[in-house]
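Residues per chain are reported as follows:
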Amino acid sequence: MTYPIYVFLIASLILNLADSHAAETIYHPVGCDIKGNINGKKRLYYLPNHPFFEKVLVNGTGEKWFCDEDEAIKGGWKPAGTLDGRLGKTMPTSTCEIPDDAPSKDCAIKGNINGDGERIVHTPCSKYYAKTEIRTEDGERWFCSLEEAISAGWRKPRN
């Protein structure tokens, strides 16, 4: 059975289109085992001992492998940190525990910006408080009251 030439052209076009939407192949230099991954607007690098290292992929536009941390930092990448995102710290045992990096015990409400740019406020003892990190260099901040946060344009979490 023979098919008109346009059937083969359409099939070729579909295959090329599928390839253009597939994940990129990022060259992985031997000995360069630090993953540079872009998550939303954040460019984070993951060291091989990071708990999520195996799950993090380096296959998107702008993502790359680094040979050392200095190279990543000089390129403007930030360390992924520990599970709670704060280097050298562990997760609080209680979700109500005020972290050491809070400005004060009375100003420990976290103003976080998610990957979609939404400004969300987390109060001590709330569901994601312990997991939420504050990176002031990214525009995140601390508040002293929920009213202050809401009037500044931050919202409560949906869950």
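Residues numbered from 1 in each chain as written. Predicted model: local features only at pLDDT ≥ 70, side-chain atom pairs only at ≥ 80, totals over all residues. Heavy atoms only, no water.

Student: Break down the overall build of the protein for me, with residues and values.
Tutor: From N to C terminus, the protein includes 3 helices and 7 strands. The order of α-helices and β-strands along the protein, N terminus first, is α-β-β-β-α-β-β-β-β-α. Relative to its full complement of 159 residues, the protein shows a buried share of 31%. Split by element, the accessible area of the protein, about 10500 Å² in all, is 57% carbon and sulfur. (Helix = DSSP H or I, 4+ residues; strand = E, 2+ residues; numbered from the N terminus. Buried < 20%, exposed > 50% of the residue type's maximum accessible area, 1.4 Å probe, protein only. Areas by Shrake-Rupley, 256 points an atom, 1.4 Å probe, with all protein chains shown as cover.)

Student: Describe the sheet that holds strand S1 (residues 34–39), naming the residues involved and giving the relevant values.
Tutor: Read across the open sheet, the 4 strands follow the order S3-S1-S2-S4; overall the sheet is mixed. If you trace the sheet from one side to the other, it starts and ends with strand S3 (64–66) and strand S4 (78–79), each paired once. (Pairing = 2+ DSSP bridges.)

Student: A description of the sheet that holds strand S5 (residues 109–113) should follow, citing residues and the corresponding values.
Tutor: The sheet built from 3 strands is open, its strands ordered S6-S5-S7 with antiparallel pairing. Each of the sheet's edge strands pairs with one partner strand only, and the pair in question is strand S6 (119–122) and strand S7 (141–143). With direction set aside, neighbouring strand axes in the sheet form an average angle of 30°. Here S5 pairs with S6 via 4 bridges, running antiparallel. (Axes fitted to C-alpha atoms, helices over the stretch in contact; angles between N-to-C directions.)

These figures capture arrangement, not role.
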